[in-house]
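Observations on chain architecture
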Amino acid sequence: MERTAGSTSSIDPPRLTLGQVIGAHGLRGELRVRLFDETDNNLRAVSSIWLAREEGDPKAVEAQVRAVGKGRRGEARLALEGVDGREAAEALRGRLVQAGVAELGPLAAGEYYQYELVGCRVEDVDGRVLGVVSGIWETGAPDVLVVVDAGQRELLIPAAREILREVDVAARRIVIDAPPGLIEPADDAE
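Residues numbered from 1 in each chain as written. Predicted model: local features only at pLDDT ≥ 70, side-chain atom pairs only at ≥ 80, totals over all residues. Heavy atoms only, no water.

Section: the nonpolar core
Core analysis: the biggest nonpolar cluster contains 24 residues, and L31, L43, I49, L78, L80 and V97 have the highest contact counts within it. Elements that contribute at least two residues to this core include exactly β2 (15-25), β3 (30-35), β4 (48-52), β5 (61-70), β6 (75-80) and β7 (96-100). In terms of residue count, β2 provides more of this core than any other element does, four residues in total. Setting aside residues up to four positions removed in sequence, L43 forms contacts with L18, L35, I49, V68, A76, L78 and V97. (Core = buried A, V, L, I, M, F, W, Y, C linked by side-chain atoms within 4.5 Å. Buried < 20%, exposed > 50% of the residue type's maximum accessible area, 1.4 Å probe, protein only. Helix = DSSP H or I, 4+ residues; strand = E, 2+ residues; numbered from the N terminus. Contact = heavy atoms within 4.5 Å.)

Let's talk about the sheet that holds strand β9 (residues 121-124)
Spatially, six strands are ordered β12-β11-β10-β9-β14-β13 in an open sheet, and the strand pairing comes out mixed. A single partner strand is all that each edge strand has here, and the edge strands are β12 (154-158) and β13 (164-168). Put simply, the sheet's adjacent strands are angled 35° from each other on average, direction ignored. Sheet analysis places β9 next to strand β14 (residues 173-176), joined by four bridges and oriented parallel. Its bridge partner being in β14, V122 is matched across the sheet by I174. (Pairing = 2+ DSSP bridges. Axes fitted to C-alpha atoms, helices over the stretch in contact; angles between N-to-C directions.)

Okay, structure coming up:
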């Protein structure tokens, strides 16, 4: 797996966080949105977005997209219905911009939405169950799977192609080929 695609909220149906409002652009209410993935075209593909104060915000507000334009590097300009002036745009500063996963296009081979991996059983190539994915740390490249074993110990597994041998989200199963020292407990120093 080369990368996971953006963080997703625990709201059902899940929403993918595409970016964050960092301010207003101009006087007509356009938003400057810092994109979490510069290569992400998902914002252009949706007809509505959600503005959330934080991940999993049950009070996120849905808004209809009027237009999406290019901004500075790593940014987009976003025009929403009902956001008609600079003051209204500035009031949204800091909000997360989310889209319903169902509206997004399919990912490339080897890419998965984070919500699809959370809850998957992780096994080594010999079939030994190591634990269950409880979360994902976004570190840049590669992301790190947080796997909780039966003893509630956290294992940190890089989501690198060399380590993840098989990802089957339908079967809720991930097979890894861990290099020596990655999952073995450290010897106690005496």
